[in-house]
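Structural description and commentary
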Amino acid sequence: MSAPGESGAPVIAVRGLTKRFGGRTVVDRLSLAVAPGRIMGFLGPNGSGKTTTIRMLCGLLTPDEGEGTCLGLDIRRDAAAIKRQVGYMTQKFSYYEDMSVEENLTFVARVYGLSGIRGHVDAALERLGLADRRRQLAGELSGGWKQRLALAASVLHAPRLLLLDEPTAGVDPKARRDFWEQIHQLADDGITVLVSTHYMDEAERCHQIAYIAYGQLLAEGTVAEVVAGAGLVTYTASAQTPRASVVELARRLRGLPGIDLLAPFGAALHVGGGDAALLEQTLAAVRADAAFSWRRDQPSLEDVFIHLMGRSRDNFQGAGL
Amino acid sequence: MSAAFSLRRMLAMIGKEFVQMRRDRPTFAMMVGIPLLQLVLFGFAINSDPRHLPTAVLDADHGPFGRALVAALEASTYFDVERMVASEAEADHLLARGKLQFMVSIPPDFSRQVARGDHPALLVEADATDPAATSGALNTLQELAEDAIAPDLTGPLALLKAGPPPFELRIHRRYNEEAVSQYNVVPGLMGVVLTMTMVMMTALSVTRERDRGTMENLLVMPLSPLEIMVGKITPYVLVGYLQVAVILAASLWVFHVPLVGNLLLVMLSSVLYIIANLAVGFTFSTLARNQTQALQLTLFYFLPSILLSGFMFPYRGMPVWAQTIGEILPLTHFMRIVRGVMLKGNGWTDIAGEVGMLALILLVVSVIAVRRFRRTLD
Ligand SMILES: Nc1ncnc2c1ncn2[C@@H]1O[C@H](COP(=O)(O)OP(=O)(O)OP(=O)(O)O)[C@@H](O)[C@H]1O
Ligand SMILES: [Mg+2]
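Residues numbered from 1 in each chain as written. Chains lettered and ligands numbered in written order. Predicted model: local features only at pLDDT ≥ 70, side-chain atom pairs only at ≥ 80, totals over all residues. Heavy atoms only, no water.

Digging into the overall build of chain B
How we decide: Going along the chain from the N terminus, every DSSP run of H or I of four or more residues is numbered as a helix, and every run of E of two or more is numbered as a strand. Burial classes follow relative accessibility: with a 1.4 Å probe on protein chains only, a residue under 20% of its type's maximum area counts as buried, one over 50% as exposed, and anything between as partly exposed. It only takes one pair of heavy atoms within 4.5 Å for two residues to be counted as in contact. Only four residue types enter the charge count: Lys and Arg as positive, Asp and Glu as negative, with His and the chain ends excluded. The atom standing in for a charge is NZ when the residue is Lys, CZ when it is Arg, CG when it is Asp and CD when it is Glu.
When you go through chain B residue by residue, the secondary structure sums to 15 helices and five strands. If you line up chain B on its principal axes, its C-alpha atoms span 90 × 40 × 30 Å. Burial statistics for chain B: of 378 residues in total, 54% are counted as buried. Counting contacts in chain B only where the partners sit at least 6 residues apart, residues at least 24 apart contribute 82% of the total. Side chains of chain B carry 30 positive and 31 negative charges; the gap between the two charge centres is 15 Å.

Given below as structure tokens:
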């Protein structure tokens, strides 16, 4: 299969997707494009509409507005055909808890009409490392193991597009690393992946990220592009004397013009703002205090997201909602 | 592109349902326990006094007393003389099909024999499958007949008024000669128990998928509504059959209900009835949003089934609107089949109409279910 790259028609191409629940707009004119073999990270605060967007992509929800294609198939008209080629891992475990690991996998294999069901199931169990617990009920697995089972089941039919909704929630670091290794392996084989997550380190493992808040796409691109695009300037103030209080400093800075971001990290304070000139001006007064040393640094992805979130809330409320 | 319906996918669905049913032991035990419990509870019948029962008259006499009798029957509220029949065979046929409740035979020469004081017999045949339906009417019959003839006993015949009745009323209860109400109730109970358990089982099994969140996964798989429906229904057909076996065994060996007809007919029509009920349950699950609503719908359905199907109250005692509702309930038709075969010895041709109705109901309900089944989470 082709190496990951921008070549080929996008696997996901949607424009203006909108979903309302009882008059409340949950996804608002969202447009996305993901090229074949790419891993797209889908980020956003709780309730921002990630799950809703993913459900619209695989035909589980009908968009109120907007259009587009998944795997070249129309998301409105060809939902049935899309479903056959998509692997969807739900946020909440949705396999059968009263069935064993093996029974669940066998059911999936049979529904997709795979030939050589035993072989598929055995291979999946082997890969999962659950071969010796194949007869255990899925409901008796620990949370992390359930996630692993769900991933194994959702890739069983060799889908061309994987939609993963917070696949690593509650998974231990080692398993998380294995998980991502597997996702990269799949992408290398040409499978396109859209994965939602709340973890910054996972976002940084993606080829591309999209950040949404209140149903609106706020930033999209590679991690570097998103960080640069936010235009955020950050400083770290480190305490120089034992008596210098980071909390006290934060209190002094809060609400001053140009200060958009304040986050204590141990004995240091992270300070940032979208308007560089205004930020410098405000900080000039405080920097006279020798109790702290100031150093300009690179904003992290987390800084950027928190900044974006704050800004979008202002817009959201400003819009009269 | 795979076909809209695939046997493989359907079998996968059936297999999954079997696995889950096997794990759900308490429900399974309940399904076998309920019939036994119900049998004990409903062993005693409820009586009622229906009127306007369809009656036919075979008048071989053509004399004044015969005419007077027909007029009197028509005047009473218990009997509706719907037709005059020409032969015994025709009357038998109508009784067997349940078109008639009573058949009054006025023998040849009746008027003359009464006049001669020969005390001729007046034969009344009653469909006593449901004893409650006939008892009230039969009780009034003797008096009614005497009163009918009395005005004609004039002149020298006036003497007859004084003595014993000028004729002998001979009542012949057909199908349930001893008027044992259990004979009527127990076969009906089979239908009631199946309605209750079958409808609830499928109604819950689909909403359970929704409540547990597994529906999201099921819907994203390439399963069509029909495959899901057949998959959900099939395992419970076997459970329903187990119930049929339990109740039939109890009817025959505990309640000693006579089995006049062919047991095979009961067994075969039970399959259709079980599937129809499961399909009704599946339809409910497409209307309900969660398990609680599904249960409420089931109970809502259960009430008219018990009250209007002829199980609890004689069908003919109900007003027309209630009978109409009764006609669209599978239980009504199944009740007629089971009682007809077990107590009257109905054959295949006698029950064909009722079987056809069951099939029609199943078809209509299935179409609604497949149409209504939501393929999305909207
Ligand atoms: N079926 C529904 N009916 C009504 N409102 C809904 C429904 N599904 C989601 N919502 C609302 O839509 C909004 C977006 O929900 P969604 O699940 O898409 O968020 P999310 O980004 O996946 O959040 P999280 O990170 O917590 O998983 C939420 O406010 C939620 O309450
Ligand atoms: Mg979500």
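There is more to say after this.
Focus on the layout of surface pockets
Residue and element names in this part refer to chain B. Note the following rule: Of the two site types, the cavity is a set of points on a 1 Å grid over the protein atoms alone where a 1.4 Å probe fits but cannot get out, and the pocket is an open set with protein on both sides within 12 Å along at least five of seven lines, each lined by residues with an atom within 4 Å of a point. Grid points are joined across faces, edges and corners, and a volume is the space filled by probe spheres set on the points.
Volume-wise, the largest pocket comes out at about 860 Å³. In terms of lining residues, the largest pocket is bounded by 37 residues, among which Arg 97, Gly 98, Tyr 315, Arg 316 and Arg 336 are the most central. Those elements that provide at least two residues to the lining of the largest pocket are β2 (79-84), α13 (320-327), α14 (330-344) and α15 (348-372). Among the elements that line the lining of the largest pocket, the one with the most residues is α14, at eight residues.

Describing unusual backbone geometry
Leave glycine aside and you will find that most residues have negative phi; peptide bonds, for their part, are mostly trans. Of note, the phi angle at Arg 29 of chain A is positive, near 45 degrees, even though the residue is not glycine. Topologically, Arg 29 of chain A is positioned in strand β2 (residues 24-34). Residue classification places Arg 29 of chain A among the exposed positions, given a relative accessible area of 57%. Positive phi is not limited to glycine here, since Asp 109 of chain B has a value of about 70 degrees. Its location among the elements puts Asp 109 of chain B in the loop between β3 (102-106) and α5 (110-116).

Some thoughts on the sheet that holds β2 of chain A
Worth spelling out the cut-off: Two strands pair if DSSP finds at least two bridges between them.
The four strands are arranged β2-β1-β4-β5 (chain A) in an open sheet whose pairing can be described as antiparallel. Each of the sheet's edge strands pairs with one partner strand only, and the pair in question is β2 and β5 (73-74) of chain A.

A short note on the site of ligand 1
Residue and element names in this part refer to chain A. Using the following cut-off: In this text, near means that some heavy atom of the residue lies within 4 Å of the molecule or strand in question. Two N or O atoms form a polar contact when they lie within 3.5 Å of each other; inside protein one atom must be a possible hydrogen donor and the other a possible acceptor, and for residues adjacent in sequence the pair counts only when both atoms belong to side chains. Residue-level accessible areas treat just the shown protein chains as cover; the underlying method is Shrake-Rupley with a 1.4 Å probe.
The local shell around ligand 1 holds 14 residues, among which Gly 47, Lys 50, Thr 51, Thr 52 and Gln 91 are the closest. Take Gly 47: an N or O atom from its main chain is 2.8 Å from an oxygen atom of ligand 1. A distance of 2.6 Å separates an oxygen atom of ligand 1 from a polar side-chain atom of Thr 52. Out of a free accessible area of 640 Å², ligand 1 has 67% covered by protein chains.

Some points on the interface of chain A and chain B
As a reminder, the rule being used: Simply put, the buried area is the total loss of 1.4 Å probe accessible area from both parts when two parts are fitted together. A side-chain nitrogen of Lys or Arg and a carboxyl oxygen of Asp or Glu constitute a salt bridge if their distance falls within 4 Å.
Contacts between chain A and chain B engage 30 residues on the former and 29 residues on the latter. Regarding the contact of chain A and chain B, the summed buried area is about 2700 Å², with carbon and sulfur atoms giving 56% of it. At the boundary of chain A with chain B, the tally comes to four salt bridges. When the shortest N-O distance is used, the salt bridge between Arg 22 of chain B and Glu 103 of chain A registers 3.8 Å. Summed over the shared surface of chain A and chain B, the number is 14 residue pairs in polar contact (both at pLDDT 80 or more). Of all the secondary structure elements, the ones that give two or more residues to the side of chain A that touches chain B are α2 (79-85) and α3 (101-111) of chain A.

A word on the coordination of the magnesium ion (ligand 2)
Residue and element names in this part refer to chain A. Spelled out, the test is: Excluding water, the donors of a metal are its N, O and S neighbours within 2.8 Å, or within 3.2 Å for Na, K and Ca, and that exclusion means sites may look incomplete.
Bound to the magnesium ion (ligand 2) are the protein donor atoms Thr 51 (OG1) and Gln 91 (OE1), situated 1.9 to 2.1 Å from the metal. Placement of the pair is Thr 51 in helix α1 (residues 50-57) and Gln 91 in the loop between β6 (86-89) and α3, with a sequence separation of 40 residues. With a relative accessible area of 38%, Gln 91 lands in the partly exposed category.

Comments concerning the confidence of the model for chain A
Residue and element names in this part refer to chain A. Heads up, the condition is: The predictor rates its confidence in each residue with pLDDT, a number between 0 and 100.
Taken residue by residue, chain A gives an average pLDDT of 89. The fraction at 70 or more is 95%. Mean pLDDT across the elements of chain A ranges from a minimum in helix α11 (residues 301-318), with 76, to a maximum in strand β8 (residues 192-196), with 97. Note on residues 1-6: pLDDT is under 50 here. Beyond four places in sequence and across chains, it has 12 contacts.

Comments concerning the environment of Ala 276 of chain B
Residues and elements named next belong to chain B. Here Ala 276 is to be found in helix α11 (residues 263-287). Relative accessible area serves as the criterion here: at 1%, Ala 276 is assigned to the buried category. Measuring from C-alpha to C-alpha, the distance between Ala 276 and Ile 361 comes to 7.0 Å, with 85 residues separating the pair along the chain.

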